[in-house]
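# Report on the structure
Residues per chain, in single letters:
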Amino acid sequence: MDASVDRIAEPWGSRTPYDRHGTWPARVDTHLEAGVAPDQVERWVRAASILHSDGDAMDIAVVDGRMAGVRGRVDDRVNRGRLGPKDAFGWQANASRDRLTRPLVREGGSLVECDWDTAMERVTARSRELLTERGPGSIGFYTSGQLYLEEYYTLAVLARAGIGTSHLDGNTRLCTATAGEALKESFGCDGQPGSYDDIDHADVIALFGHNIAETQPVQWMRILDRLEGGDPPRLVCVDPRPTRVARRAAVHLAPRVGTNVALLNALLHEIIRAGRVDHDYVRTHTVGFEELASRVEQCTPEWAARICDVPAASIRAAAELLGAADRLLSTVLQGVYQSHQATAAAVQINNLHLVRGMLGRPGAGVLQMNGQPTAQNTRECGADGDLPGFRNWQNDDHVADLARVWNVDPATIPHHTPPTHAMQMFRYAEQGSIRMLWISGTNPAVSLPELSRIRSILRRKGLFVVVQDLFLTETARLADVVLPAATWGEKTGTATNADRTVHLSEKAVEPPGEARPDLDVFLDYAARMDFRDKDGGPLITWHDPESAFEAWKRCSSGRPCDYTGLTYDRLRGASGVQWPCNAQAPDGTPRLYADGITWAHPDLCESYGKDLVTGATDDVVEYRSLNPDGKAVIRAADYLPPHEAPDEDHPFQLTTGRTLYHFHTRTKTARAPQLNAAAPDVWVEAASSDAAALGLHEGDLVEVGTRRGAVRGRLRVTDIRPGLLFLPFHYGYWDTEGGHGPGGDTPGRAANETTVTDWDPASKQPLFKTAAAALRLVERGDGRVAPAPTTTASAPSRTGAAPATVGGPTALVTETDAPPRGRRTQEAP
Ligand SMILES: Nc1nc2c(c(=O)[nH]1)N[C@H]1C(S)=C(S)[C@@H](COP(=O)(O)OP(=O)(O)OC[C@H]3O[C@@H](n4cnc5c(=O)[nH]c(N)nc54)[C@H](O)[C@@H]3O)O[C@H]1N2
Ligand SMILES: Nc1nc2c(c(=O)[nH]1)N[C@H]1C(S)=C(S)[C@@H](COP(=O)(O)OP(=O)(O)OC[C@H]3O[C@@H](n4cnc5c(=O)[nH]c(N)nc54)[C@H](O)[C@@H]3O)O[C@H]1N2
Ligand SMILES: [Mo]
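Below: a short report on this structure. Computed from a predicted structure; not experimentally measured.

In this structure, the amide linkage connecting Trp579 to the following residue, Pro580, adopts the cis form with an omega of -5°. Residue placement: Pro580 occurs in the loop between strand 21 (577–578) and helix 24 (620–626). With phi around 55°, Asp530 is a residue other than glycine that occupies positive phi space. Position of Asp530 among the secondary structure elements: in the loop between helix 21 (518–529) and helix 22 (545–556).

Turning to the site of ligand 2, a few remarks are in order. The local shell around ligand 2 holds 34 residues, among which Gln146, Asn171, Ser447, Asp469 and Thr665 are the closest. Measuring from an oxygen atom of ligand 2, one finds a side-chain N or O atom of Gln338 at 3.0 Å. A distance of 2.8 Å is found between an oxygen atom of ligand 2 and a side-chain nitrogen or oxygen belonging to Thr667. Contact with the protein chains hides 99% of the accessible area of ligand 2, taken as 910 Å² for the molecule alone.

Glancing now at the pairing of strand 20 (residues 501–505). Along strand 20, 5 of the 5 residues are buried, which leaves the element largely enclosed by surrounding structure. Here strand 20 shows a buried face lined by Thr501, His503 and Ser505 and a second buried face lined by Val502 and Leu504. In the sheet, strand 19 (residues 493–496) pairs with strand 20 via 4 bridges, with the strands oriented antiparallel. Directly across from Thr494, in strand 20, lies its bridge partner Leu504. Between strand 19 and strand 20, which pair antiparallel and follow one another directly, the connecting turn spans 4 residues, one of which, Arg500, has a positive phi of 70°.

A few words on the site of ligand 1. Around ligand 1 sit 32 residues in total, of which Asp239, Gln334, Ser339, Arg658 and His662 are the nearest. Between ligand 1 and Arg658 there is a distance of 2.7 Å, counted from an oxygen atom to a side-chain nitrogen or oxygen. For ligand 1, the protein covers 99% of the area, taking 900 Å² as the surface of the free molecule. Every element with two or more residues in the shell around ligand 1 is listed here: helix 6 (212–215), helix 14 (334–337) and strand 23 (652–657). Along the lines of polarity and charge, the residues of the shell around ligand 1 split into 7 nonpolar, 19 polar and 6 charged. Two domains each put at least three residues into the shell around ligand 1: domain 3 (177–369 + 599–633) and domain 4 (652–798).

This paragraph deals with the sheet that holds strand 4 (residues 57–63). Read from one edge of the open sheet, 6 strands run 1-29-2-5-4-3, paired in antiparallel fashion. Pairing within the sheet leaves two strands with one partner each, and these edge strands are strand 1 (2–6) and strand 3 (43–48). Neighbouring strand axes in the sheet, compared pairwise and without regard to direction, differ in orientation by 30° on average. Direction of pairing for strand 4 relative to strand 5 (residues 66–72): antiparallel, over a ladder of 6 bridges.

For Thr165, the position within the fold is in the loop between helix 3 (149–163) and strand 9 (168–170). For Thr165, the side chain forms a polar contact with the main-chain oxygen of Pro136, separated by 3.4 Å. With sequence-adjacent residues up to four places away left out, Thr165 is seen in contact with Pro136, Gly137, Ile139, Phe141, Ala159, Arg160 and Pro414.

Considering all chains together, one arrives at 67 salt bridges under this definition. When the shortest N-O distance is used, the salt bridge between Arg528 and Asp117 registers 2.8 Å. Remark: Asp117 occurs in helix 2 (residues 116–133) and Arg528 occurs in helix 21; sequence separation between them is 411 residues. Residue class for Asp117 comes out partly exposed when judged on its relative accessible area of 46%. In this structure, Arg222 and Asp197 form a salt bridge, with 3.1 Å as the shortest nitrogen-oxygen distance. Taken together, the residues Arg222 in helix 7 (residues 217–227) and Asp197 in the loop between helix 4 (177–187) and helix 5 (198–201) connect sequence positions 25 residues apart. Here the salt bridges share partners, and the residues they tie into one network are Arg77, Asp197, Asp200, Arg222 and Asp499.

About the criteria used
- Residues numbered from 1 in each chain as written.
- Chains lettered and ligands numbered in written order.
- Predicted model: local features only at pLDDT ≥ 70, side-chain atom pairs only at ≥ 80, totals over all residues.
- Heavy atoms only, no water.
- Helix = DSSP H or I, 4+ residues; strand = E, 2+ residues; numbered from the N terminus.
- Near = heavy atom within 4 Å.
- Polar contact = N/O pair within 3.5 Å; in protein donor to acceptor, adjacent residues only side chain to side chain.
- Areas by Shrake-Rupley, 256 points an atom, 1.4 Å probe, with all protein chains shown as cover.
- Buried < 20%, exposed > 50% of the residue type's maximum accessible area, 1.4 Å probe, protein only.
- Pairing = 2+ DSSP bridges.
- Nonpolar A, V, L, I, M, F, W, Y, C, P; charged D, E, K, R; others polar.
- Domains from an automatic or database assignment.
- Axes fitted to C-alpha atoms, helices over the stretch in contact; angles between N-to-C directions.
- Contact = heavy atoms within 4.5 Å.
- Salt bridge = Lys/Arg side-chain N within 4 Å of Asp/Glu carboxyl O.

Below, the structure written as structure tokens:
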């Protein structure tokens, strides 16, 4: 049966209920441009979504050589045919008229069009000059979580072995650095333990600072379908906002932002006190339990209740659910990773699973989530502050092994200090030691904290800025050279989602004008720079996506993220394979650590761990004495108060984050009419009690100010935690229509005007979730309403206070029930 559903008004579509341990029914969601019928589609081209980390598999409809719509892929393990709103409508941005079609270079103060040769010669000339005059440390690369594996790997090789710089990081630093760090701290190595299939089997699902309903809407559909089926799971939600997840939770804890560690320590205290520890598991697979038990001994629910401002009874109720669960699935995201004590908190969630022995079995797993579509690849390819293949920069054998793969001298690969993290790279640029910064696939002039500072760094005279993007973004406008990139649908490559599922996305249409795939740009640069291996042969021996993938396979061989069992042809068959995929696991690996902890041994581990308070790196001697046999490490952490507390001038806490319909700095979603209309401008959320106390109403124009800057937006009064304000971070100051928003250096629309330059000591991930702020009226709304959706966590607390968010006739998605099929066999519970 087919149904047509307005998927702006009903973002999660119709329900297809299923029972615990059952198979999630398949259903195909299709959205085609108005006037195009399914039988007019000439080709369906294989792809996976790149507007979140879910990895929703989809096919692109091609008509007359252009994109005309998308359809979920029915046999895929991740989404079983479903699409979220951004998947369904976001593709339209590709064809927008303001795509960059030619390179630009700065001439006499302004950016002017030129050919590729001119632009690339500028970049290589500057690179050579700097290498001669100042050495490799004067060049930095800041990349993305949105390119393809092949592109990151190529960039990692050219930056680390070609240039020889340690200044290479991704915007994954803002996103999943804490996920990676928490996995390294607990399991010695990055790599997602769990699987999305755990949703089918869990009896308790706990979501920590993760608004999955809006940020991975397809997995939320799966949870909703289980909630409607037999033996439904109970949800625990830890989030200060009234998210859809919170509204469906058996226990909702809405803590003061920045207090996750206190709450988690109380949960661990209760679980240990109530005798819920799996002592066999702890003895066989872990070290550090005694230390944890003694550190949380005083952390009673009453103690945490005072710090977190949640009822002690609710903490007990949550602990009872977590402690009694027979299959517990936990997910963690930015409410932890971008909040105070990020790594310490994320590690306590791993500890919860270790003490309860909830790992490596269907339904029992932890998902230290990713955010961006290919953040996993940034991390595993070493385009972040790590070495490729989860090799340990402190272990000379690992460096030597990498040097063997690249046929270079180990000394070529910088490894005497930790690879530079993004926040430090911007500091070096500010101080003048980094003189060239090549930014690909990210828009730091909107997404980094404290934007006035970022703008002034990017404008510095001595800093040569290269920006590789689809659009003339806020960042591109500050560049010396702008390189027009091709993107999803216009180039081929692989992407690995948050549960290690690898998808191949193929080129469906030609890129606009002279735009080029990022891979081609990096290969061109490497060729022009003439990077060589130690025998004088070319350092980079590949020439297209498939040969780059084959090169990466050699680098991944024998590593935790082993891709050697995969080929492009294989990925064109069964849709979605989870790494490691090799001779031992030819069909891929649903869960890590099913047979104990495998990569934590001192000789194998990616990291010897860090001090969670100071961030100081441990060395091999310390690690070997702590964990000689390579078990999981239970690391305890004391709660520390957030760095910036509310005071008289700034009486509120301020947090920032996402809304369902937009992706990041909106370069794509603002160019998709259905998505743009659902949330067209910035707004401010405050609790009804706070609004009443200040005499503020829905739609009033208000200003949120911190010590860094201010944002103006219309007020939405919601059921958010009293004392807390929320700003969506999507709105830059450059309007897609081509005009400035409220102008110049005080744009007043981007949340990051207000955020602080501060980061987690261990993961170096910046803090976007905790600040102290003031709120004041600028102008009465006089009947206007905030441009915020009503379908989400931003719903007004008073029903009817704002007209319901709808999409209308252009937002219809066809939902086609499909009989369950494909390669999946039912797992034994
Ligand atoms: N629609 C949409 N989906 C996306 C994206 C997008 O831009 N739009 N981006 C993708 C990316 S890159 C990412 S990283 C993910 C992010 O996905 P999420 O992490 O789910 O999204 P956020 O809105 O950043 O933060 C989640 C929640 O953290 C809560 N929170 C804030 N402070 C605290 C705290 O101190 N403690 C706790 N427990 N909770 C807190 C907020 O109330 C918020 O609801 O989404 C991905 N998916
Ligand atoms: N206040 C606040 N700030 C935050 C966050 C928050 O919650 N609050 N979240 C942080 C997080 S988790 C993230 S992930 C970041 C995201 O921050 P950004 O990475 O800056 O955000 P995007 O808008 O996704 O930027 C990606 C850029 O890449 C371009 N692009 C897309 N596809 C391609 C491609 O194939 N090739 C090339 N070359 N370019 C491409 C897009 O046009 C866009 O300009 O923001 C961070 N900043
Ligand atoms: Mo992210």
